[in-house]
Amino acid sequence: MPMLSVQDILETNRMIAENKLDVRTITLGISLRDCGHPDIKVFCRNIYDKITRTADKLVRTGEDIEAQYGIPIINKRISVTPIAIVAESCRTDSFVPVAEAMDAAAKEVGVNFIGGFSALVEKGYTHGDRILIRSIPAALAATERVCSSVNLASTKAGINMDGVREMGLIIKETAELTRDRDALGCAKLVVFANVPEDNPFMAGAFHGVGEPETAVNVGVSGPGVVKRALEEARGADFGTVAETIKRTAFKITRVGQLVAQEASRRLNVPFGIIDLSLAPTPAVGDSVAHILEEMGLESCGAPGTTAALALLNDAVKKGGIMASSYVGGLSGAFIPVSEDAGMIAAVERGSLSLEKLEAMTCVCSVGLDMIAVPGETSAATIAAIIADEAAIGMINNKTTAVRIIPVPGKKVGDRVEFGGLLGHSPILPVNRFRADDFIARGGRIPAPVRSMTN
């Protein structure tokens, strides 16, 4: 990394102090492939020991880097090999004890989330996949820090519609088991198409089977920095807007690169990737929606929103890849409703709907994220929403995801409070027409023609 000028340092300090630039997460990926054992008690002890041994210095290292460089590092997290794979040899009909062991290890080392209670079933199930998916509701109800993900589709494999149907039921059951916390379990569960194996962000992080023994992956964030830069380009044409975002993304990514390299050196763990996603928070001045409105939209969700988001997402990627040779994960712009003050306001004023959010996911980094819907929403309707998002990902060869929360007892017009970075949200209306017969067909939607790239 070239030496920073005094101007660079002052500008970075200003971005941190005034525009909420931060490193959103340092995520330590840990392989559990050497922990397998037929006895689930032994397996749980193996993974607890390995996680606590490998990550014992993670939190302290993050705090030391933050203190030395003055860069806020909001979260220190862990991702592990998908449990459906590494626990498959266990003689058991439930992986809930595994989730509890993960939770205990995360608590011991001081991280707020651990990801990897996951299954990859885009083409079908193994025995371990079935056990893990059936265990998700009870596992998320019994733990605080465990996050779960299931990949149901890919451009190469198509869409596993049996899995889509089952995940609608799993999400409903998870909501019911955590109804005393406004279905908080569903906020820790995400369903993917084309899932990346090096994503540092929760709830979808896991340590992929192609990853090394350990790896440090860093997620940076700076919606407020991008908005501030665009305020200085008011009235400029879109070429200038794109160039402004690219230059800002470059600077943000260099901060993440510095943190990642330092964490890698101090932990003696290989540096994996920088995920340069613009990840909002509920705090004022840290909103992706406000960036879109700064481009000239009266309110996020108005006509032109998808075009504005496409420009933003593309420019962020272009700026990031010039700043680091190892950009990965999701890398772009997130649109989680409950975690973005501007998105919340847009829903409340009626400019942003579930259908418009779906259109926006065609051009952004992920998908329908942190969407609170009425508790009466059926499992089949949730499955159909997942199928729509999976189709967008499959056809466009991009990652899409659904993190939807049917809140028991809540209806349109109510509000739900999740707390912390998960924020709060009004309950969004869902199309009242049903797709039960469509979901009941099952089977697999074939991969598209564009999958034939060899």
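Calculation criteria
Residues numbered from 1 in each chain as written. Predicted model: local features only at pLDDT ≥ 70, side-chain atom pairs only at ≥ 80, totals over all residues. Heavy atoms only, no water. Axes fitted to C-alpha atoms, helices over the stretch in contact; angles between N-to-C directions. Helix = DSSP H or I, 4+ residues; strand = E, 2+ residues; numbered from the N terminus. Parallel < 35°, antiparallel > 145°, perpendicular 65-115°, else oblique. Left-handed = near helix turned anticlockwise from the far one by under 90°. Contact = heavy atoms within 4.5 Å. Nonpolar A, V, L, I, M, F, W, Y, C, P; charged D, E, K, R; others polar. Core = buried A, V, L, I, M, F, W, Y, C linked by side-chain atoms within 4.5 Å. Buried < 20%, exposed > 50% of the residue type's maximum accessible area, 1.4 Å probe, protein only. Salt bridge = Lys/Arg side-chain N within 4 Å of Asp/Glu carboxyl O. Expected span 1.5 Å × (residues − 1). Arc of directions from axis to C-beta.

Asker: Just checking my understanding: could you explain the packing of helix H3 (residues 58-69) against helix H9 (residues 238-267) for this structure?
Answerer: Axis angle and axis distance: for two packed helices, these are the angle between their axes and the distance between the axes, and together they describe the pair. At a minimum axis distance of 10 Å, the contact between H3 and H9 shows a crossing angle of 130°. In terms of axis orientation, H3 runs oblique to H9. Relative to H9, H3 is oriented so that their crossing is right-handed. In this structure, H3 uses Leu58, Thr61, Asp64, Ile65, Gln68 and Tyr69 to contact H9, whose residues at the interface are Leu258, Val259, Glu262, Ala263, Arg266 and Leu267. Here the residues of the contact of H3 with H9 are counted per class, giving 7 nonpolar, 2 polar and 3 charged.

Asker: What is the right way to read the nonpolar core from this model?
Answerer: Buried together is how nonpolar side chains tend to be arranged in soluble globular proteins. If you look at the biggest cluster of nonpolar residues, it comprises 128 residues, and the most contacted ones within it are Ile78, Ile83, Phe117, Met167, Ile245, Met295 and Leu312. Excluding residues within four positions of it along the chain, Met295 makes contact with Leu230, Val241, Ile245, Ala308, Leu311 and Leu312. Counting 15 residues, the second largest nonpolar core, distinct from the first, contains Val190, Met202, Ala279 and Leu330.

Asker: Quick question: what am I supposed to make of the environment of Val412 here?
Answerer: Structurally, Val412 can be placed in the loop between strand E10 (400-407) and strand E11 (415-417). Once the C-alpha coordinates of Val412 and Val109 are considered, the two residues, 303 residues apart in sequence, prove to be 40 Å apart. Setting aside residues up to four positions removed in sequence, Val412 forms contacts with Pro374, Ile427, Leu428 and Pro429.

Asker: How should the pattern of salt bridges be read in this particular structure?
Answerer: A side chain of one charge can pair with a side chain of the opposite charge if their charged atoms are brought near each other. In this structure the tally under the stated criterion is 23 salt bridges. Linking Arg234 and Glu294 is a salt bridge whose minimum nitrogen-to-oxygen distance equals 2.5 Å. Note that Arg234 is positioned in the loop between helix H8 (223-231) and H9 and Glu294 in helix H10 (residues 288-294), a separation of 60 residues in sequence. Judged by its relative accessible area of 16%, Glu294 falls in the buried class. If you follow the salt bridges from partner to partner, you end up with Lys227, Arg228, Glu231, Glu232, Arg234 and Glu294 in one network.

Asker: Could you clarify how one ought to interpret H3 in this entry?
Answerer: Side chains of residues three or four places apart in an α-helix project in the same direction, reflecting 3.6 residues per turn. With 12 residues, H3 should cover 16 Å at 1.5 Å per step; its first-to-last C-alpha distance of 17 Å lies within 8% of that length. Every buried residue belonging to H3 is among Leu58, Val59, Thr61, Gly62 and Ile65, and all of these are buried. What you see down the axis of H3 is that its buried residues fit within an arc of 165°, all on one side. Exposed and oriented more than 90 degrees from the buried face of H3 are Ala67 and Gln68. The secondary structure elements touched by the buried residues of H3 are strand E1 (22-30), strand E2 (73-80), helix H5 (96-109) and H9. One or two positions beyond H3, positive phi appears at Gly70, with a value near 70°.

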